Amino acid sequence: MQNITLTQEEAQRRLVRPEDRVSCSVAFIDCKLPGSHLKQNFSFVGPGVTQSASQVVNIPEAHGFNIGAAAMPKGVTNNLHLHFTAEVFLIHEGSWRFRWGAHGEHEAEFSAPAILSIPTWIFRGFTNVSPQETNGLVFTVLGGDNTGGIIWHPSILDAASEHGLYLSRDNMLIEVEAGSPPPAKSELLPPLAAEHIAALRDYSVEEMSRRAVTGEQRAWSQNALLDSVLPGHGAELAPVIGYGISQDRSSAPPILNPHGFSVEWLRIQNQHCVGRHLCPDVQVLMVFKGTLEVTYNHDGEEVTIVAAEGSVVSVPGNSWRSYRAIDGEMEATLTTRGDHRKRLYWDADIIARASQEDRCVDPDGYLATASLLPSTARRAGDKIAHAI
């Protein structure tokens, strides 16, 4: 396995700070509809489902998923549309009303911090219903490198045409000046027919609630990582979607259907850390609270970046890294490529220090009391924990 060593320049390029965000106000066909014209779309990792050639992508490198965000003032709506790959909402600021169904007939509200996964092939839309007059912010994770775009509800296509906006057959925005004839129908993406809409699966409010994890519902594990017994360490994990990096055998993610990625919460107390480790799969951290310091590399010069609240950090697979909270308690989401259970490899010093605390990784990759294992199992577990 070839380890990746990052330069300071590369590490900085893979950090998207709040001041690095570049919004696009014409990303979608509903951008001129009253009540929707103040939407701002961001593409941090990959283009997402934008329909505008003017959308800026901070990190275009393929990750196996896309990371973006929507910023919307109170009362502004993102209209009904459907996705072909997973769409996960990570609510960073505000309260949001989500609508879904053939005509948006179901709805539920969620407030920060909450994570909601909406199934593929159903119409969905959302509105900022925050009590305060503020811009709400929702991060999104979309499955796949190529999401295939989206399909808008026919009613939205009709409304957009009144403002001179249409979609080409390759799902890109066409704007026609007032008084000019519309494009030929043969050039446009046809709307979804009524019989196809009627055939879409219907999800009840109860079913959708099982695809959401609110801040209060997070199940934190204080023994999720090998180094949690070491002084100054002790990060916590709370699973949300799929099997992430947790080494706690009792950890059970509430959302298990395949997404192409896992999502979990990471919490680190002030001035505590996650020791040096490696994950073979590319990961993205979104900092929801506090400030995260990331230090890269094993052999050679260490490289450090600082990610303030609202930052997005892309961590390449097969790279050594450690995390530290440097400005109070830090909370971030950790998105990791793949539906499989993720493996972590630890620095030899971490393994040795954990062993002195009677902690090790068993042959299945889960945490165990070291003194309970026969020597053959200890050796197998140590090999798994440091296989680089």
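Our subject is the structure that appears above.
Fair warning: this is a prediction, and the values are worked out from it, not measured in the lab.

Draft legend 1. How the structure looks around the packing of aromatic side chains. Counting across every chain of the model gives twelve aromatic pairs. Taking the centre distance of 5.0 Å and the plane angle of 70° together, the rings of Phe-89 and Phe-126 count as edge-to-face. In this pair, Phe-89 is assigned in strand β6 (residues 87-93) and Phe-126 in strand β10 (residues 124-128), connecting sequence segments 37 residues apart. Relative accessible area serves as the criterion here: at 0%, Phe-89 is assigned to the buried category.

Draft legend 2. Highlighting the environment of Val-49. Relative to the helices and strands, Val-49 is located in the loop between β2 (40-45) and β3 (57-59). Of the residues examined, Val-49 reaches a relative accessible area of 10% and is grouped as buried. Along the chain, Val-49 and Gly-381 lie 332 residues apart, while their C-alpha atoms are 42 Å from each other.

Draft legend 3. A look at the pairing of strand β16 (residues 236-241). Across the six residues of β16, six count as buried, placing the element largely inside the fold. Where β16 lies against strand β17 (residues 261-268), five bridges are found, and the strand directions are antiparallel. Each bridged residue has a counterpart across the sheet, and for Ala-238 the counterpart in β17 is Trp-265.

Draft legend 4. Fine view of the sheet that holds strand β8 (residues 106-111). The five strands are arranged β8-β7-β10-β5-β12 in an open sheet whose pairing can be described as antiparallel. This sheet does not close on itself; its edge strands, each paired only once, are β8 and β12 (150-152). Direction aside, the axes of adjacent strands within the sheet are offset by 30° on average. The sheet contact formed by strand β7 (residues 95-100) and β10 spans five bridges and is antiparallel.

Draft legend 5. Quick look at the environment of Glu-19. With respect to the helices and strands, Glu-19 occurs in the loop between β1 (15-16) and β2. When its relative accessible area of 56% is taken as the criterion, Glu-19 is described as exposed. Taking the C-alpha atoms as reference, Glu-19 lies 9.0 Å from Ser-311; in sequence the two are 292 residues apart.

Rules of the game
- Residues numbered from 1 in each chain as written.
- Predicted model: local features only at pLDDT ≥ 70, side-chain atom pairs only at ≥ 80, totals over all residues.
- Heavy atoms only, no water.
- Phe/Tyr/Trp six-rings, centres within 6.5 Å; stacked < 30°, edge-to-face > 60°.
- Helix = DSSP H or I, 4+ residues; strand = E, 2+ residues; numbered from the N terminus.
- Buried < 20%, exposed > 50% of the residue type's maximum accessible area, 1.4 Å probe, protein only.
- Pairing = 2+ DSSP bridges.
- Axes fitted to C-alpha atoms, helices over the stretch in contact; angles between N-to-C directions.

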